[in-house]
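# Observations on the model geometry
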Amino acid sequence: MPRRRFLTLHIISQGFDLINKARDPGRLLATGSRAAGASLATFGAGAQLHRHQKLFQAALGHMVDAVFVVSREGRVTLSNTAATRLFGFSHFAGVRDATAEFPTLFQLRHLDGRPIESPEMATSRALKGETVVDDDQVIHNLVSGQDRFIRVSSAPIRDAGGQTVGVVTVARDVTEL
């Protein structure tokens, strides 16, 4: 199971790497798409990139696990439908806008009830370069009082130079298990 979770994070991270490279078409053509395993130069970068983005967006939207992309500054820049449901929002803007208010809305806890401090959070650890796999946590909703048990994995998203530009976090709600 940890190997599968790592592979999922790796594929998602490679997808975000492709999207970052799309901002510089020359780099995109030069490096191609490792995630798709095909050279975009061969097939026409514009159309191929558009198809990859559409496929990636569809896959992300249909995942049952919550997926968050967090910037180097700690802001949620992308999330899927499962992520909005996990935190009880109706759309991405709710998740994005709640980033600064997160400590007043939710408390992350270890399974033994101790609060998870900011440096211990999977996303914070991934921003420092660590890959976190299957970290069990509790999200306590401070408004409703409801607890949700989650299994979190986070990995750094790196640019072509190897610098961490963000983090992809996958969270599975295991409350009912």
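My aim in this report is to walk through the structure given alongside it, one point at a time. (Residues numbered from 1 in each chain as written. Predicted model: local features only at pLDDT ≥ 70, side-chain atom pairs only at ≥ 80, totals over all residues. Heavy atoms only, no water.)

What the 6 strands build is an open sheet, ordered β2-β1-β6-β5-β4-β3; its pairing is antiparallel. Every other strand in the sheet has two partners, leaving β2 (76-79) and β3 (106-109) as the edge strands with one partner each. Direction aside, the axes of adjacent strands within the sheet are offset by 30 degrees on average. Where strand β5 (residues 147-158) meets strand β6 (residues 164-173), 9 bridges bridge the pair, whose relative direction is antiparallel. Residue pairing for β6: Ser 153 is matched across the bridge by Val 170. (Pairing = 2+ DSSP bridges. Helix = DSSP H or I, 4+ residues; strand = E, 2+ residues; numbered from the N terminus. Axes fitted to C-alpha atoms, helices over the stretch in contact; angles between N-to-C directions.)

This part covers the pattern of salt bridges. Summed over all chains, the structure comprises 7 salt bridges. Between Arg 172 and Asp 65 there is a salt bridge, with the nearest N and O atoms lying 2.8 Å from each other. Highlighted residues: Arg 172 in strand β6 and Asp 65 in the loop between α4 (45-62) and β1 (66-71), separated in sequence by 107 residues. Note on Arg 172: relative accessible area 27%, which makes it partly exposed. Its relative accessible area of 8% is what places Asp 65 among the buried residues. Between Arg 75 and Glu 73 there is a salt bridge; the shortest N-O distance is 3.9 Å. For Arg 75, a relative accessible area of 48% puts it in the partly exposed group. On the basis of relative accessible area, Glu 73 is assigned to the exposed category, the value being 53%. Through salt bridges with shared partners, a single network forms among Arg 125, Glu 130 and Asp 135. (Salt bridge = Lys/Arg side-chain N within 4 Å of Asp/Glu carboxyl O. Buried < 20%, exposed > 50% of the residue type's maximum accessible area, 1.4 Å probe, protein only.)

Let's shift gears to the nonpolar core. The biggest cluster of nonpolar side chains holds 20 residues, and the ones touching the most others in it are Ala 66, Phe 68, Leu 86, Phe 87, Ile 139 and Ala 171. If you list the elements that add at least two residues to this core, you get β1, α5 (81-86), β3, α8 (122-127), β4 (132-141), β5 and β6. When residues no more than four places from it in sequence are discounted, the contact partners of Ala 171 are Asp 65, Ala 66, Phe 68, Leu 86, Arg 151 and Val 152. Core analysis: the second largest hydrophobic core is formed by 8 residues, Phe 56, Leu 60, Val 67 and Ala 155 among them. (Core = buried A, V, L, I, M, F, W, Y, C linked by side-chain atoms within 4.5 Å. Contact = heavy atoms within 4.5 Å.)

Okay, the side chain of Asn 141 next. Summarising the element assignment, Asn 141 is placed in strand β4. Excluding residues that lie within four positions of it along the chain, Asn 141 makes contacts with Leu 105, Phe 106 and Gln 146.

Another aspect to go through is the environment of Met 63. When you line up the elements, Met 63 lands in the loop between α4 and β1. We classify Met 63 as partly exposed; its relative accessible area is 22%. Linking Met 63 and Asn 80, residues 17 residues apart in sequence, is a C-alpha distance of 7.8 Å.

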